Amino acid sequence: MMNALAWQELYEAFTAFAYIARRQGFYVGALDEMEHSLFDMCPFPCSFRPNKKG
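Every value quoted in this text rests on a predicted model; they were computed, and no experiment measured them.

S.K.: Explain helix H1 (residues 4–24) to me, please; I cannot follow it from the model alone.
M.R.: It helps to recall that an α-helix has 3.6 residues per turn; residues three or four apart then point in one direction. Spanning 21 residues, H1 covers 30 Å between terminal C-alpha atoms, matching the ideal 30 Å at 1.5 Å per step. Along H1, the positions that sit buried rather than exposed are Trp-7, Phe-14, Ala-18 and Ala-21. Down the axis of H1, the sector holding all buried residues measures 65°, keeping them to one side. Counted as exposed and oriented over 90 degrees from the buried face of H1: Leu-5, Glu-9, Tyr-19 and Arg-23. On its buried face, H1 is in contact with helix H2 (28–40). If you check the start of H1, you find a side-chain oxygen 3.1 Å away from the backbone N of Leu-5, and it comes from Asn-3. Trailing H1 by a residue or two, Gly-25 shows a phi angle of about 80°, which is positive.

Following this line, the structure appears as structure tokens:
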């Protein structure tokens, strides 16, 4: 599992990319998969993650 700082850096880069891609209509289905994968690696408690119980 990656550490919190590395995850935060990846999350910030992904959200910037995802915002532009969604705005342009690119990778629509793939972005959701990437986002779920990113949150699966999240080192923070489950309450931080969207669509997770805990």
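Now, onward.
S.K.: For this particular structure, what's the right way to read the pattern of salt bridges?
M.R.: When the charged atoms of two side chains with opposite charge come close together, those side chains can pair. In the structure shown here, the tally under the stated rule is two salt bridges. Measuring nitrogen to oxygen at the nearest pair gives 3.3 Å for the salt bridge that ties Asp-32 to Arg-22. Of this pair, Asp-32 sits in helix H2 while Arg-22 sits in helix H1, and the two are ten residues apart along the sequence. A relative accessible area of 38% places Asp-32 in the partly exposed class. Between Arg-22 and Glu-35 there is a salt bridge whose closest N-O contact spans 3.6 Å. Note that Arg-22 is positioned in helix H1 and Glu-35 in helix H2, a separation of 13 residues in sequence. Taking the relative accessible area as the measure of exposure, Glu-35 reaches 27% and is therefore partly exposed.

Reading the values: rules and limits
- Residues numbered from 1 in each chain as written.
- Predicted model: local features only at pLDDT ≥ 70, side-chain atom pairs only at ≥ 80, totals over all residues.
- Heavy atoms only, no water.
- Helix = DSSP H or I, 4+ residues; strand = E, 2+ residues; numbered from the N terminus.
- Expected span 1.5 Å × (residues − 1).
- Buried < 20%, exposed > 50% of the residue type's maximum accessible area, 1.4 Å probe, protein only.
- Arc of directions from axis to C-beta.
- Contact = heavy atoms within 4.5 Å.
- Polar contact = N/O pair within 3.5 Å; in protein donor to acceptor, adjacent residues only side chain to side chain.
- Salt bridge = Lys/Arg side-chain N within 4 Å of Asp/Glu carboxyl O.

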